[in-house]
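# Survey of secondary and tertiary structure
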Protein chains: 2
Amino acid sequence: DLRQRSVAVPVAESPAPASPAHKPYVHITEKPFTLQNWHQHINWLNVTLIIVIPVVGCTWAVFTPLCRKTALWAFLYYYMTGISITGGYHRLWAHRAYSARLPLKIFFAAFGGGAVEGSIRWWSAGHRVHHRYTDTDRDPYNVRRGLLYSHIGWMVFVKNPKKAGRVDISDLNTDPIVKWQHRNYVLVLAVMGFLFPMAVAGLGWGDWKGGLIWAGVVRLTVVHHATFCVNSLAHWIGDQPFDDRRSPRDHVLTALVTFGEGYHNFHHEFPSDYRNAIKWYQYDPTKWLIWIFKKVGLASDLQTFSQNAIEQGIVQQRQKKLDKWRSRLNWGVPLELLPVMEFEDFQAQSKERALVLIAGVVHDVTNFIEGHPGGKALIQSGIGKDATAIFNGGVYDHSNAAHNLLSTMRVGVIRGGMEVEVWKMAQRENKDSTIKLDSEKNSIVRAGSQA
Amino acid sequence: DLRQRSVAVPVAESPAPASPAHKPYVHITEKPFTLQNWHQHINWLNVTLIIVIPVVGCTWAVFTPLCRKTALWAFLYYYMTGISITGGYHRLWAHRAYSARLPLKIFFAAFGGGAVEGSIRWWSAGHRVHHRYTDTDRDPYNVRRGLLYSHIGWMVFVKNPKKAGRVDISDLNTDPIVKWQHRNYVLVLAVMGFLFPMAVAGLGWGDWKGGLIWAGVVRLTVVHHATFCVNSLAHWIGDQPFDDRRSPRDHVLTALVTFGEGYHNFHHEFPSDYRNAIKWYQYDPTKWLIWIFKKVGLASDLQTFSQNAIEQGIVQQRQKKLDKWRSRLNWGVPLELLPVMEFEDFQAQSKERALVLIAGVVHDVTNFIEGHPGGKALIQSGIGKDATAIFNGGVYDHSNAAHNLLSTMRVGVIRGGMEVEVWKMAQRENKDSTIKLDSEKNSIVRAGSQA
Ligand code: HEM
Ligand code: HEM
Ligand SMILES: [Fe+2]
Ligand SMILES: [Fe+2]
Ligand SMILES: [Fe+2]
Ligand SMILES: [Fe+2]
């Protein structure tokens, strides 16, 4: 019974009943693989549906001619079943990103069933667990266990019910379409997965066998792997514009194969947004379809997160990247780690090496004199002096780049800071100030120094 | 005499000689335009070279057949003269971004002269003034006076020598090539601007007239406007990845017409870097040429700013943009502006509206219950309670987006902060803590509460 495949339906009681003998009960997943027990580790129902049938069908397809009409029909049916998973199973039922009228629900329940990925109830519950426990042991398609595991491995092996996560699926349990589809899932699967695509081709243009193989099995194999990519590829390749603490990623390639579900970093941050792509030029046909359904009255209550919340995430993530980048660069020795020098020492040492005092900090510009864009003479004019004013507009208002470069040349700080030293020197030289130009760059004629 | 056109050569004395009569001397630029004096406002030499000759020549060109060979020659000569301005006049002489051997200097002096943009000495001095006083009154091609002014207007009108800027050109004054070219500039201009391109076409394939008009005048008109674009367009359109406090901008279009000088925001920050573009895929043929000259031994000492300094600028500029963006978003009422509530008030008010206490802050989630991605029931479970632990992993470890959204819902802070209130409530309810799950999400059985 398919219902037993559920990994996600809330588990009411502790899942390990005490065994009658005193030997404690050990679940199969807690035992190692052996020659005797390996078959118990395998979920044979899943293996049949996602490996055996596809492999047999695709092998058969090699010997089954593909006529033009069947090819078109298979492609169309691929799109219909695939988008019923993304637009129906995923965005409508798992995330309640919008509300749908009955005919649309029936459409999604039927064609989504034809994708042969389990019932809406099972699929959505598992998917909610995935969102709630992303990247942890309880995440059914935990990508931390490897790309292949998150793509298909998770369905191949029996799961440990102790590791199941709990989620609220009361809304699914009261939805009549979901309930009906879950109860009759074997029928839905048989009819929509195989018989319907076969019958369309058979009754339509007499290609019964092509219909079954191409529009049935080959098509469902493609839909499988397309949608499985959301669990694997979308947690593996791409950017993380909104948050990088978990695995989901945005990538256009993933979007292309998943009917728009590839903007998965956005989706995990804003799961109940009916969009996965927020820019008009990004490929999200599921979003476009939901939007059209709204226009024709089949969908309503389209949920979106505010632009503000979305931009907050982008800003924070960019800030994080910028902080990382910044920390990799050299911003000069922090002021508090610099040795403290007396102004007199600074002047004395300036005779040995090219020291320039700017804003209370001593800089060794020896290796920069040759390369100074303003010429050797100008930079040399600052050696052994407080060049604060000269550097900051007195002679030239240096660029931001010059200030950055300057800070990498720090070698000391002057005791008492710049002001004190300017004053000291002025005292000694019997001048008021070292500033010789005003802010308009006209020279200042001081009292006593007129011609 | 061309030397008199200099706006940039350091002015040793105040430029306004006292007039013999008592009437104070007023420079023409300080008088308004009138019907009587307008011709005194015009720099007729410049107008002849950059407007009259080009207009006459280009009109003539309409009636001058252009043969294939002359077209190719004109294009080649356009490139040679243009790149002599960018690689020679600009990067070599104005910025000393590298050193060149004598043959290369002669090449640049000759072909750069053929671009008819003045002598190296005049051009470089003016350009240094432009860098030193960018966007101010003393900037000879100050873009703040308009795009047309910075493109060509600045050469059309007589300049006020009081507004001239001073720069150090001692290196130019001692360079024999620069000195020779400046002294003989009229000759250089006549030969390289007109006679040489004419002679090549005339002696080569008999097209004397085509040579003069197309490879001479039309070509020099194109070179003019291409290089003028560095002063206009490069201060007008494009991005500012390094600093945005002055006008220079980076744009690929400007780079395309200016032999790579369009990465002008970089250039103004790092003027003595021999590169204008730093990425290999950006169009900077002048840089490529200098690099080739180095390989063949004609150039050396290629100056570059450190990658560290360059990235510092980018990081700071991105930070600035990010800060602007951040300040436009709503981050919720700052904590210090929120009203302080008693825990009892919070509980009482929770009966009227959906208040949730998280980390000492009270949030009104009334309008979010319906839209809560985790379902109505779960969010409602936090109403009237300290949901700090529940929100932060106790039940679900919310995304960054959820935290952002939460802060926009702030309505108050609890007196004494969260811990006090948790404790208060625990006292009242005779429990130790509201935390019911441990970090592994297993429920915590407390002393006295075992079954
Ligand atoms: C203390 C006396 C100094 C004077 C008078 C002076 C003057 C000048 C002038 C006039 C320019 C403009 C050159 C042009 O763009 O054509 C310039 C550029 C520059 N200077 Fe200095 N400079 C001094 C010290 C320094 C020091 C200590 C540094 C060390 C970082 C420095 C770094 C630069 C840089 C990176 C530029 C090119 C970027 C810009 O335009 O700001 N200068 N300087
Ligand atoms: C206080 C009790 C709350 C509980 C128990 C709770 C529980 C949950 C759960 C289980 C999910 C995962 C749903 C999924 O991804 O399928 C979730 C998602 C979310 N919740 Fe809550 N929630 C609570 C309160 C809030 C509040 C007050 C906010 C207000 C901002 C909020 C905002 C969100 C958002 C934005 C998401 C989707 C993004 C994400 O995965 O973090 N929740 N919540
Ligand atoms: Fe996911
Ligand atoms: Fe999802
Ligand atoms: Fe410029
Ligand atoms: Fe320049």
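Look up a bit, the structure's there.
Residues numbered from 1 in each chain as written. Chains lettered and ligands numbered in written order. Predicted model: local features only at pLDDT ≥ 70, side-chain atom pairs only at ≥ 80, totals over all residues. Heavy atoms only, no water.

Another aspect to go through is the overall build of chain A. In terms of helices and strands, chain A carries 19 helices and 6 strands. For chain A, buried positions account for 50% of its 451 residues. Long-range contacts, defined as pairs at least 24 residues apart, comprise 70% of the intrachain contacts of chain A with a sequence gap of at least 6. Put simply, chain A shows about 22000 Å² of open surface, and 62% of that area lies on carbon and sulfur atoms. (Helix = DSSP H or I, 4+ residues; strand = E, 2+ residues; numbered from the N terminus. Buried < 20%, exposed > 50% of the residue type's maximum accessible area, 1.4 Å probe, protein only. Contact = heavy atoms within 4.5 Å. Areas by Shrake-Rupley, 256 points an atom, 1.4 Å probe, with all protein chains shown as cover.)

Let us look at the pairing of strand β5 (residues 361-364) of chain A. Residues and elements named next belong to chain A. By the bridge criterion, 4 bridges tie strand β4 (residues 355-358) to β5 in an arrangement that is antiparallel. Counterpart to L355 in the pairing with β5 is D364. Between β4 and β5, which pair antiparallel and follow one another directly, the connecting turn spans 2 residues, one of which, A359, has a positive phi of 50 degrees. (Pairing = 2+ DSSP bridges.)

Residues in close proximity to ligand 1 total 23 residues, the closest being H372, Y396, H398 and S399 of chain A together with H131 of chain B. The residues that come close to ligand 1 belong to more than one chain, namely chains A and B. Residue H372 of chain A places a side-chain N or O atom 2.8 Å away from a nitrogen atom belonging to ligand 1. Here an oxygen atom of ligand 1 sits 2.7 Å away from a polar atom, N or O, in the main chain of S399 of chain A. When residues of the shell around ligand 1 are traced back to their parent elements, those giving at least two are α16 (376-380), α17 (388-391) and α18 (400-407) of chain A together with α5 (120-132) and α12 (264-269) of chain B. At 3 residues, the largest contribution of residues to the shell around ligand 1 is made by α18 of chain A. (Near = heavy atom within 4 Å. Polar contact = N/O pair within 3.5 Å; in protein donor to acceptor, adjacent residues only side chain to side chain.)

The next subject is the site of ligand 2. Around ligand 2 sit 23 residues in total, of which H372, P373, Y396, H398 and S399 of chain B are the nearest. Near ligand 2, the surrounding residues are drawn from chains A and B. In this structure, ligand 2 is accommodated by the largest cavity. With 3 residues, helix α18 (residues 400-407) of chain B is the single largest residue contributor to the shell around ligand 2. Class assignment of the residues belonging to the shell around ligand 2 gives a composition of 15 nonpolar, 6 polar and 2 charged. (1 Å grid on protein atoms, 1.4 Å probe; cavity = no way out; pocket = protein on both sides within 12 Å on 5 of 7 lines; lining within 4 Å. Sits in = over half its atoms within 2 Å of the grid points. Nonpolar A, V, L, I, M, F, W, Y, C, P; charged D, E, K, R; others polar.)

What follows covers the coordination of the iron atom of ligand 2. Residues and elements named next belong to chain B. The iron atom of ligand 2 binds to the protein through H372 (NE2) and H398 (NE2); the donor distances cover 1.9 to 2.0 Å. Considering all 6 donor atoms around the iron atom of ligand 2, angles at the metal cover 86 to 179 degrees and the coordination shape is octahedral. Placement of the pair is H372 in the loop between β5 (361-364) and α16 (376-380) and H398 in the loop between α17 (388-391) and α18, with a sequence separation of 26 residues. A relative accessible area of 16% means that H398 is categorised as buried. (Donors = N, O, S within 2.8 Å, 3.2 Å for Na, K, Ca; no water. Tetrahedral: all angles 85-135°; square planar, octahedral: opposite > 155°, others 65-115°.)

With an RMSD of 0.1 Å, chain A superimposes on chain B once it is rotated by 180 degrees and translated 0.0 Å along the axis. The relationship between the two copies is best expressed as a two-fold rotation axis. Nearest to the rotation axis, the C-alpha of Q319 of chain A is located 3.8 Å from it, this being the minimum over chain A. Both copies share a contact surface, since 100% of the interface residues of chain A are interface residues in chain B too. (Least-squares fit on C-alpha atoms with pLDDT ≥ 70 in both.)

Here we take up the coordination of the iron atom of ligand 1. For the iron atom of ligand 1, every protein donor is listed as H372 of chain A (NE2) and H398 of chain A (NE2), and the spread of their distances is 1.9 to 2.0 Å. One can describe the site at the iron atom of ligand 1 as octahedral: its 6 donor atoms subtend angles covering 86 to 178 degrees at the metal.

The next point concerns the pattern of salt bridges. Residues and elements named next belong to chain B. Applying the stated criterion across every chain, the model contains 30 salt bridges over all chains. Among the salt bridges present, the one from E261 reaches R91, with a minimum N-O distance of 2.9 Å. One end of the pair, E261, is in the loop between α11 (252-257) and α12; the other, R91, is in helix α3 (residues 68-94), with 170 residues separating them in the sequence. Put simply, R415 and E342 hold a salt bridge, and the shortest N to O gap is 2.5 Å. Remark: E342 occurs in the loop between β3 (340-341) and α15 (343-349) and R415 occurs in the loop between β6 (410-414) and α19 (417-429); sequence separation between them is 73 residues. The class of R415 is partly exposed, set by a relative accessible area of 46%. (Salt bridge = Lys/Arg side-chain N within 4 Å of Asp/Glu carboxyl O.)

Let us look at the packing of aromatic side chains. This model, assessed by the stated rule, comprises 50 aromatic pairs over all chains. Seen in terms of ring centroids, F266 of chain A and F270 of chain A are 4.9 Å apart; in terms of plane orientation they differ by 40 degrees. Their pairing is tilted. Residues F266 of chain A and F270 of chain A agree in their burial class; the two are buried. With a centroid separation of 5.8 Å and 45 degrees between ring planes, the pair formed by F75 of chain B and Y78 of chain B is classed as tilted. Remark: Y78 of chain B and F75 of chain B occur in helix α3; sequence separation between them is 3 residues, near one turn of the helix. An aromatic cluster of at least three residues, connected via ring pairs, comprises W73, Y77, F107, F108, F111, F196 and F293 of chain A. Over the ring of Y149 of chain A we find R145 of chain A, and its NZ or CZ is 4.2 Å from the ring centre. (Phe/Tyr/Trp six-rings, centres within 6.5 Å; stacked < 30°, edge-to-face > 60°. Lys NZ or Arg CZ within 6 Å of the ring centre and 35° of its normal.)

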